[in-house]
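Read off the chains here:
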Amino acid sequence: FRQPAHPEMGAYVDRMKGLLEEVPDPNTKVTLALALLQYCLFRADIGLAATLMEKISPLMQSDEIAPLNKVFWWSRCGYVHYLDVDYARGHAALDQAQSIATANGLGFTEMLTTFFRMLLRLTEQDLNNFEPFVRSIVSLSRPGPRLDAVYLNYAMGLLASNTCA
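Rules of the game
- Residues numbered from 1 in each chain as written.
- Predicted model: local features only at pLDDT ≥ 70, side-chain atom pairs only at ≥ 80, totals over all residues.
- Heavy atoms only, no water.
- Helix = DSSP H or I, 4+ residues; strand = E, 2+ residues; numbered from the N terminus.
- Expected span 1.5 Å × (residues − 1).
- Buried < 20%, exposed > 50% of the residue type's maximum accessible area, 1.4 Å probe, protein only.
- Arc of directions from axis to C-beta.
- Contact = heavy atoms within 4.5 Å.
- Axes fitted to C-alpha atoms, helices over the stretch in contact; angles between N-to-C directions.
- Left-handed = near helix turned anticlockwise from the far one by under 90°.
- Nonpolar A, V, L, I, M, F, W, Y, C, P; charged D, E, K, R; others polar.
- Disulfide = S-S within 2.5 Å.
- Core = buried A, V, L, I, M, F, W, Y, C linked by side-chain atoms within 4.5 Å.
- Phe/Tyr/Trp six-rings, centres within 6.5 Å; stacked < 30°, edge-to-face > 60°.

Observations concerning helix α7 (residues 127–140)
Structurally, the α-helix is built with 3.6 residues per turn, so residues lying three or four positions apart point the same way.
Next, step 1: Under the 1.5 Å per step criterion, the end-to-end length of α7 is 20 Å for 14 residues, consistent within 8% with the ideal 20 Å.
Next, step 2: Every buried residue of α7 is listed here: Phe130, Phe133, Val134 and Ile137. Buried residues of α7, seen end-on, are gathered within an arc of 105° and therefore sit on one face of the element. Exposed and facing more than 90 degrees away from the buried side of α7 are Asn128, Arg135 and Ser139.
Next, step 3: Contact partners of the buried residues in α7: α6 (110–123) and α8 (146–163).

Dropping the structure here:
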């Protein structure tokens, strides 16, 4: 799904949509939807993302859905809302993700939600609330994971470009 222009991608996406209808297990359904949602983000296909969110978000009320799936779902929804310039819904989705993570001891997901929160605050030009998220990313960053380095470098670059005006 990281190559949205691949000639066979349309067939893969159609197959995934079909599986969403066929798969009875709700966690598998959410996992499939997360993969499709990531594809939507690579393609900036907000329409398909909105359709997926409308279909899958009600499942998040079920105790059958694993907390980690819920955290990833709401985090991705928050990012979709950010891209769709629906900041209030973005904040609400990220609040939901963080609340579930905290309640279930999933602290390792905090980097993801913090990064998306930082982007929202910056886009809203809310620098007073943007900078604390950058500081959080600095403190959450671990030396091993490459993705932490990506988040850290991106955050520090955004901070530098928005404080050197």
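Digging into the packing of helix α3 (residues 46–56) against helix α4 (residues 67–83)
Next, step 1: Here α3 crosses α4 at 145°, and the two axes come no closer than 11 Å. Crossing of α3 against α4: the hand is left-handed. Contacts from Ile46, Ala49, Leu52, Met53 and Ile56 of α3 reach α4 at Trp73, Cys77, Val80, His81 and Leu83.
Next, step 2: Class assignment for the residues of the contact of α3 with α4 results in nine nonpolar, one polar and no charged.

Details of the state of the cysteines
Next, step 1: For the structure shown, the criterion picks out zero disulfides.
Next, step 2: Cysteine Cys40 shares no disulfide, and the gap to the nearest cysteine sulfur, in Cys77, comes to 11 Å.
Next, step 3: Exposure remark for Cys40: the relative accessible area of 1% places this residue in the buried category.
Next, step 4: Note on Cys77: relative accessible area 1%, which makes it buried.

Description of unusual backbone geometry
Next, step 1: Although it is not a glycine, Ala44 sits at a positive phi angle of roughly 55°.
Next, step 2: Here Ala44 lies in the loop between α2 (26–43) and α3.
Next, step 3: The class for Ala44 is exposed, based on a relative accessible area of 56%.
Next, step 4: Of note in the backbone geometry, Gln125 takes a positive phi value of approximately 60° without being a glycine.
Next, step 5: We classify Gln125 as exposed; its relative accessible area is 69%.

A look at the nonpolar core
Next, step 1: Residues Leu20, Leu37, Leu52, Ile56, Met60, Trp73 and Trp74 are the most contacted members of the largest nonpolar core, which totals 32 residues.
Next, step 2: Sorting the residues of this core by element identifies α1 (9–22), α2, α3, α4 and α5 (87–103) as the ones contributing at least two each.
Next, step 3: By residue number, the principal contributor to this core is α2, which donates nine residues.
Next, step 4: Leave out the neighbours within four places in its chain, and Ile56 touches Leu20, Lys29, Val30, Ala33 and Trp73.
Next, step 5: Ranked by size, the runner-up nonpolar core spans 19 residues in total, among them Tyr82, Phe115, Phe116 and Phe133.

Concerning the packing of aromatic side chains
Next, step 1: Applying the stated rule across the entire model yields five aromatic pairs.
Next, step 2: Taken together, a centroid distance of 5.4 Å and an interplanar angle of 35° make the contact between Tyr79 and Tyr82 tilted. Here Tyr79 pairs with Tyr82, and both are found in helix α4, just three residues apart, close to one helical turn.
Next, step 3: Centroid distance Phe115 to Phe116: 6.2 Å. Interplanar angle 55°. Geometry classified as tilted.
Next, step 4: Aromatic rings pair up to connect Tyr79, Tyr82, Phe115, Phe116, Tyr151 and Tyr154 into one cluster.

Structural measurements only, silent on function.
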